[in-house]
Amino acid sequence: VQLVESGGGLVQPGGSLRLSCAASGFTFGSYAMSWYRQAPGKERELVAAITSAGDMTDYADSVKGRFSISRDNAKNTVYLQMNNLKPEDTAVYYCAAAPLIVPDSRPQLYGYWGQGTQVTVSS
């Protein structure tokens, strides 16, 4: 099983990034997917989640209206489009997979995790 994130980097405030997470080794279309992030000295937090079918999404209040999660089950890939980025969005971003139809906020339910990709928002 592998989850491989990509697309992180350094961006100025107000800029955009698109993260990708390529999955392999499990039945991707049967898993709810989420993006978490962890900033230095802070707990890991749920940023966005999407159902296994891709028909429902949910977001943390801090990113609503700026971030968008989507998935392509034919490509075994989940995406996180991040717009109007702010310095407080700086963190390592992780994708995670749970054997659920509807995602859950509890990280312990996610059996598969990627290695993370760094997002730094700074001028």
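Relevant structure appears above.
Residues numbered from 1 in each chain as written. Predicted model: local features only at pLDDT ≥ 70, side-chain atom pairs only at ≥ 80, totals over all residues. Heavy atoms only, no water.

Engineer: If you had to explain the overall build of the chain to someone new, which residues and values would you point to?
Structural biologist: Summing up its helical and strand segments, the chain has 0 helices and 11 strands in all. Along its sequence from the N terminus, the chain presents helices and strands in the succession β-β-β-β-β-β-β-β-β-β-β. Relative to the globule expectation of 14 Å for 123 residues, the C-alpha radius of gyration of the chain, 13 Å, shows essentially globular dimensions. The principal-axis extents of the C-alpha atoms in the chain amount to approximately 40 × 30 × 25 Å. (Helix = DSSP H or I, 4+ residues; strand = E, 2+ residues; numbered from the N terminus. Rg over C-alpha atoms; globule rule 2.2 N^0.38 Å.)

Engineer: Go over the pairing of strand β1 (residues 2-6), please, and point to the residues and values.
Structural biologist: Burial along β1 is one-sided: the residues Leu-3 and Glu-5 are buried and none of Gln-2, Val-4 and Ser-6 is. As paired elements, β1 and strand β3 (residues 17-24) share 5 bridges and run antiparallel to each other. By the bridge assignment, Val-4 is partnered in β3 with Ala-22. (Buried < 20%, exposed > 50% of the residue type's maximum accessible area, 1.4 Å probe, protein only. Pairing = 2+ DSSP bridges.)

Engineer: Which residues make up the nonpolar core, and what values go with them?
Structural biologist: Among soluble globular proteins, nonpolar side chains are generally buried collectively. If you look at the biggest cluster of nonpolar residues, it comprises 30 residues, and the most contacted ones within it are Trp-35, Val-78, Leu-80, Met-82 and Tyr-93. Mapped onto this core, the elements with two or more residues apiece are β3, β4 (32-38), β5 (45-50), β7 (67-72), β8 (77-82), β9 (91-98) and β11 (117-121). If near-sequence neighbours (up to four positions away) are discounted, Tyr-93 is found in contact with Glu-5, Leu-19, Trp-35, Tyr-36, Arg-37, Val-47, Phe-67, Leu-80, Met-82, Gly-116, Thr-117 and Val-119. (Core = buried A, V, L, I, M, F, W, Y, C linked by side-chain atoms within 4.5 Å. Contact = heavy atoms within 4.5 Å.)

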